[in-house]
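# Structural characterization, general
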Amino acid sequence: MAAMKPRTGDGPMEVTKEGRGYVMRVPLEGGGRLVVELNGDEVAELGEKLTAAVS
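Quick caveat, the model's predicted, so the values are computed rather than measured.

### Here we look at the overall build of the protein
Assigned secondary structure in the protein consists of one helix and three strands. Counting across all 55 residues of the protein, residues that qualify as buried make up 13%. If you take every contact in the protein between residues at least 6 apart in sequence, the share linking residues at least 24 apart comes to 4%. For the protein, the exposed area adds up to about 4800 Å²; of that, 57% sits on carbon and sulfur atoms.

Encoded structure:
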């Protein structure tokens, strides 16, 4: 079982490089955060999709 970490607030959206992958943390409405781990290829693909969505 994973250790439970205390919540320190929602905080801003962020992406950090951890080990071989990237961890994206996105604040959610109503509290909490969505945490997703991605590899380099997934990060590049997500970046392309987001860029196309706002163009």
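Next, the rest of the story.
### Details of the side chain of R25
By the element assignment, R25 lies in strand β2 (residues 21–27). Among the polar contacts listed, one links the side chain of R25 to the side chain of T16, at a separation of 3.3 Å.

### Points about the sheet that holds strand β1 (residues 14–18)
The strands making up a sheet associate through hydrogen bonds between their backbones, and the pairing can be parallel or antiparallel. Taken in spatial order, the three strands make up an open sheet running β1-β2-β3, and their pairing is antiparallel. Either end of the sheet is taken by a strand with one partner, and the two such strands are β1 and β3 (33–38). Neighbouring strand axes in the sheet, compared pairwise and without regard to direction, differ in orientation by 20° on average. Bridge count for β2 against β3 is six bridges, and the pairing is antiparallel. Following the sheet pairing, P27 is matched in β3 by R33. Along the sheet, helix α1 (residues 40–54) makes contact with β2 and β3, crossing β3 at roughly 120°.

### A closer look at the pairing of β2
Burial analysis of β2 places five of its seven residues in the buried class, the great majority of the element. Between β1 and β2, which pair antiparallel and follow one another directly, the connecting turn spans two residues, one of which, G19, has a positive phi of 65°. Hairpin connection, β2 to β3: the antiparallel pair is bridged by five residues, and G30 has positive phi, about 90°.

### Some points on a negative patch on the surface
Taken together, the side chains of D41, E42, E45 and E48 present a region of like negative charge at the surface. For D41, a relative accessible area of 64% translates into the label exposed.

Definitions and limits used
- Residues numbered from 1 in each chain as written.
- Predicted model: local features only at pLDDT ≥ 70, side-chain atom pairs only at ≥ 80, totals over all residues.
- Heavy atoms only, no water.
- Helix = DSSP H or I, 4+ residues; strand = E, 2+ residues; numbered from the N terminus.
- Buried < 20%, exposed > 50% of the residue type's maximum accessible area, 1.4 Å probe, protein only.
- Contact = heavy atoms within 4.5 Å.
- Areas by Shrake-Rupley, 256 points an atom, 1.4 Å probe, with all protein chains shown as cover.
- Polar contact = N/O pair within 3.5 Å; in protein donor to acceptor, adjacent residues only side chain to side chain.
- Pairing = 2+ DSSP bridges.
- Axes fitted to C-alpha atoms, helices over the stretch in contact; angles between N-to-C directions.
- Patch = residues over 30% accessible without salt bridge, like charges linked within 9 Å, V, L, I, M, F, W, Y side chains within 5 Å.
- Salt bridge = Lys/Arg side-chain N within 4 Å of Asp/Glu carboxyl O.
- Lys, Arg positive; Asp, Glu negative; His and termini not counted.
- Charge placed at Lys NZ, Arg CZ, Asp CG, Glu CD.

Function-wise, these values are silent; they only describe arrangement.
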